Amino acid sequence: MEFIIVTEQYEPGIALIQLNRPKELNALNRKLMEEVRDTLQALDKNEQVRVIILTGNEQAFAAGADIKQMADKSAIDMLLIDQFSTWDQIRKTKKPIIAAVSGFALGGGCELAMMCDMIIASESAKFGQPEIKIGTIPGAGGTQRLTRAIGKAKAMELILTGRFLSAEEAHFYGLVNKVVPVEMYLHEAVALAREIAQMSPVAVQLAKEAVNRSFETHLDEGLAFERKNFYLTFASADQKEGMQAFIEKRKPQFKGH
Ligand code: DAK
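A few points on the structure. (Residues numbered from 1 in each chain as written. Predicted model: local features only at pLDDT ≥ 70, side-chain atom pairs only at ≥ 80, totals over all residues. Heavy atoms only, no water.)

1. Here's the deal with the overall build of the protein
Part 1 of the argument: Secondary structure assignment for the protein yields twelve helices and ten strands.
Part 2 of the argument: Here the C-alpha atoms of the protein give a radius of gyration of 18 Å, agreeing with the 18 Å that 2.2 N^0.38 yields for 257 residues.
Part 3 of the argument: Principal-axis analysis of the C-alpha atoms places the extent of the protein at approximately 55 × 35 × 35 Å.
Part 4 of the argument: Buried residues in the protein amount to 50% of all 257 residues.
Part 5 of the argument: Intrachain contacts of the protein at a sequence separation of at least 6 include 72% that bridge at least 24 residues. (Helix = DSSP H or I, 4+ residues; strand = E, 2+ residues; numbered from the N terminus. Rg over C-alpha atoms; globule rule 2.2 N^0.38 Å. Buried < 20%, exposed > 50% of the residue type's maximum accessible area, 1.4 Å probe, protein only. Contact = heavy atoms within 4.5 Å.)

2. Let's talk about the pairing of strand β3 (residues 51–55)
Part 1 of the argument: Among the five residues that make up β3, five are buried, leaving the element largely enclosed by the rest of the structure.
Part 2 of the argument: Alternating positions in β3 separate into two faces, Val51, Ile53 and Thr55 on one and Ile52 and Leu54 on the other, with burial throughout.
Part 3 of the argument: One ladder, built from five bridges, connects strand β2 (residues 14–19) with β3; its direction is parallel. Note on β3: the bridge partner recorded for Ala15 is Ile52.
Part 4 of the argument: Here four bridges tie β3 to strand β5 (residues 97–101), and the two strands are oriented parallel to one another. Considered in β5, the bridge of Ile52 is made with Ile97. (Pairing = 2+ DSSP bridges.)

3. Re the sheet that holds strand β9 (residues 164–166)
Part 1 of the argument: Ordered in space as β4-β6-β8-β9, the four strands form an open sheet in which the pairing is mixed. With one partner strand each, in any of the chains shown, β4 (60–62) and β9 form the two edges of the open sheet. Direction aside, neighbouring strands of the sheet carry axes that sit 20° apart on average.
Part 2 of the argument: Strand direction decides the pairing type here: β4 and strand β6 (residues 104–106), joined by two bridges, are parallel. Residue pairing across strands places Ala60 opposite Phe104, the latter belonging to β6. (Axes fitted to C-alpha atoms, helices over the stretch in contact; angles between N-to-C directions.)

4. Side note on a negative patch on the surface
Part 1 of the argument: Negative charge collects at one region of the surface, where Glu58, Glu123, Glu168, Glu169 and Glu183 lie side by side.
Part 2 of the argument: The residue Glu168 is located in helix α8 (residues 167–172) in this model.
Part 3 of the argument: On the basis of relative accessibility, which here comes to 67%, the residue Glu168 falls in the exposed class. (Patch = residues over 30% accessible without salt bridge, like charges linked within 9 Å, V, L, I, M, F, W, Y side chains within 5 Å. Areas by Shrake-Rupley, 256 points an atom, 1.4 Å probe, with all protein chains shown as cover. Salt bridge = Lys/Arg side-chain N within 4 Å of Asp/Glu carboxyl O. Lys, Arg positive; Asp, Glu negative; His and termini not counted. Charge placed at Lys NZ, Arg CZ, Asp CG, Glu CD.)

5. Description of a nonpolar patch on the surface
Part 1 of the argument: Together, Ile76, Leu79 and Leu80 make up an exposed nonpolar region whose accessible area comes to about 310 Å².
Part 2 of the argument: Here Leu79 shows up in helix α3 (residues 75–81).
Part 3 of the argument: Judged by its relative accessible area of 36%, Leu79 falls in the partly exposed class.

6. Things to note about unusual backbone geometry
Part 1 of the argument: Positive phi, normally seen in glycine, also occurs at Leu25, with a value near 55°.
Part 2 of the argument: Positionally, Leu25 belongs in the loop between β2 and α1 (30–45).
Part 3 of the argument: For Leu25, a relative accessible area of 25% puts it in the partly exposed group.
Part 4 of the argument: Not every positive phi belongs to a glycine, and Lys249 is a case in point at roughly 55°.
Part 5 of the argument: Its location among the elements puts Lys249 in the segment after α12 (237–247).
Part 6 of the argument: Accessibility expressed as a relative area gives 78% for Lys249, which makes it exposed.

7. Let's talk about the packing of aromatic side chains
The geometry of an aromatic ring pair is captured by the separation of the ring centres together with the interplanar angle, meaning the angle of the planes.
Part 1 of the argument: Scanning all chains against the criterion turns up four aromatic pairs.
Part 2 of the argument: Considering the side-chain rings of Phe172 and Tyr173, the 5.0 Å spacing of their centres and the 90° angle between planes classify their relative orientation as edge-to-face.
Part 3 of the argument: With relative accessibility at 27%, the residue Tyr173 sits in the partly exposed group.
Part 4 of the argument: On the basis of an interplanar angle of 50° and a centroid distance of 5.9 Å, the ring pair of Phe230 and Tyr231 is categorised as tilted. Like Phe230, the residue Tyr231 is buried in the burial classification.
Part 5 of the argument: Among the aromatic residues, those joined into a cluster by ring pairs are Phe230, Tyr231 and Phe234.
Part 6 of the argument: Cation over ring: Arg21 sits above Phe3, and NZ or CZ is 5.4 Å from the ring centre.
Part 7 of the argument: The positively charged end of Lys126 is found above the aromatic ring belonging to Phe104, 5.3 Å away from the centroid. (Phe/Tyr/Trp six-rings, centres within 6.5 Å; stacked < 30°, edge-to-face > 60°. Lys NZ or Arg CZ within 6 Å of the ring centre and 35° of its normal.)

These figures come from the coordinates and say nothing about function on their own.
Structure (structure tokens):
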């Protein structure tokens, strides 16, 4: 594995996946996401593993999909490469996944955390869908899952302005299970995992599936709609300008086409 560190038995029954591109704030490139997907599939089959924890580092869970990898793509490139189909397979994991989040969880990083079953946050965690600032929109479930998690008004504000939600606010709005001091967030995630790991793995799997069924009815339709609109932004000059401006570290000049 090049971009993640996997500890199959972090504790008995608990596996840990750590995103590990620290210089790029764990920006999620294609290879990294394939590694996460392959690891989750292997852990799902491993009978020694009951619960999976997904984490980054203190500074960043993940600052989004890799902007440099997609900046110059056309809408049709995005549709045909379909590099994001990897993300669909992640949500098929049967075992519970706890996201242990510190620092930035933005764009695809926030979406990845929301694909997990529970989120433990450090006090420094910042959640957001800032895609609008680079001329695009969330594409991995942000418009759907964030809206369901925190309600329409707040989700609309975050998605249309690109503002961040502090850990405390994220807790208030029900996006995260618990907020703890930075030095405790992984311990807290492990404590939660330990408790779940005591239960019948069959019952845990069936319960997860049932809770998700309540949460995810009609989600597929919403996700498909979001993805098409996300790809469509790649037909605009504003998306090219937004991502190029990010790479060149300047403010974008949006023209509205
Ligand atoms: N991509 C690539 N590189 C990134 C990055 C990203 N998302 N975020 C940060 N980096 C890189 C920076 O370019 C910089 O690299 P160097 O210049 O040193 O080479 C390094 O990480 C450190 O970042 P900064 O210098 O910018 O650090 P600051 O502390 O000043 O700022 C920041 C931190 C997190 C506020 C800032 O880096 C930032 O705004 N980052 C971008 C956040 C963002 O816009 N995220 C959304 C990206 S779009 C889909 C699946 C997924 C997606 C869509 C569809 N499907 C399934 C269809 C997801 C899309 C996105 O996530």
